[in-house]
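So the chains spell out like this:
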Amino acid sequence: MAAPMAYSTLNKPADGYIIERDLGVVFGTAVGANWNFTFSVQKAMRDAARAIEETRTTAMTVMGQKAAERGANIVLGVSFDTERQQGVAIVTCWGTACVVKADPSRAHVAAPVAAAPGAAPVVAMPAMPP
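One structure accompanies this document, and this report is about it. (Residues numbered from 1 in each chain as written. Predicted model: local features only at pLDDT ≥ 70, side-chain atom pairs only at ≥ 80, totals over all residues. Heavy atoms only, no water.)

Along the chain, the regular secondary structure elements total one helix and four strands. Looking at the chain as a whole, 33% of its 130 residues are labelled buried. On the chain, roughly 8100 Å² of surface is accessible, and the fraction owed to carbon and sulfur atoms is 58%. (Helix = DSSP H or I, 4+ residues; strand = E, 2+ residues; numbered from the N terminus. Buried < 20%, exposed > 50% of the residue type's maximum accessible area, 1.4 Å probe, protein only. Areas by Shrake-Rupley, 256 points an atom, 1.4 Å probe, with all protein chains shown as cover.)

Dropping the structure here:
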């Protein structure tokens, strides 16, 4: 089983890691349309936010799968674009698929980063064997 994909909004790996290979830009796009017209503005906003979040997660998963197919263990510089028109959310995300490894000259720095409970691992970098 492959290790889970790591993601970072930064354009460089976490402190203590180096880029071994740059595998190019990867994209993920998803379309979500799962909220309905309602007379409650609060409910409509809540439904729209949930739909966009679910669509963003799907787009990120697609991007991660494409990165894994190239042999990456992280996607760096992750960015999103969200468009919402007439009840449809279109989310595109992109980043650079890379293979990173612990920097042998800085082995004391490379350590696992604990993510907050329930938080998406967007910036967390797993410890990798040297």
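Attention shifts here to the packing of aromatic side chains. Tallying each qualifying case throughout the model produces zero aromatic pairs. The positively charged end of Arg56 is found above the aromatic ring belonging to Phe80, 5.1 Å away from the centroid. (Phe/Tyr/Trp six-rings, centres within 6.5 Å; stacked < 30°, edge-to-face > 60°. Lys NZ or Arg CZ within 6 Å of the ring centre and 35° of its normal.)

With mixed pairing, four strands are arranged side by side in an open sheet as β1-β3-β4-β2. Here the strands that pair on one side only, and so sit at the sheet edges, are β1 (6-7) and β2 (17-32). Alignment of β1 against strand β3 (residues 74-85), held across two bridges, turns out to be parallel. Among the inter-strand pairings, Tyr7 is bridged to a residue of β3, identified as Val75. Strands in contact with helix α1 (residues 41-69) are β1, β2, β3 and β4 (88-102); relative to β2, the strand with the most contacts, it is inclined by about 135 degrees. (Pairing = 2+ DSSP bridges. Contact = heavy atoms within 4.5 Å. Axes fitted to C-alpha atoms, helices over the stretch in contact; angles between N-to-C directions.)

Take α1 next. For α1, spanning 29 residues, the distance from its first C-alpha to its last is 42 Å, which sits close to the expected 42 Å at 1.5 Å a residue. Regarding α1, the residues found buried are Asp47, Ala48, Ala51, Ile52, Thr55, Ala59, Met60, Met63, Gly64 and Ala67. Looking at the buried side of α1, the elements it contacts are β1, β2, β3 and β4. Backbone geometry just after α1 places Gly71 at a positive phi near 95 degrees. (Expected span 1.5 Å × (residues − 1).)

Before going further, it helps to examine the nonpolar core. Among the nonpolar cores identified, the biggest contains 14 residues, and Tyr7, Val26, Met63, Ala67 and Val75 are the most heavily contacted of them. Residue assignment for this core shows that the elements contributing at least two residues are β2, α1, β3 and β4. The dominant element in this core, judged by the number of residues it contributes, is α1, at four residues. With five residues, the next largest nonpolar core counts Ala6, Ile74, Leu76 and Cys98 among its residues. (Core = buried A, V, L, I, M, F, W, Y, C linked by side-chain atoms within 4.5 Å.)

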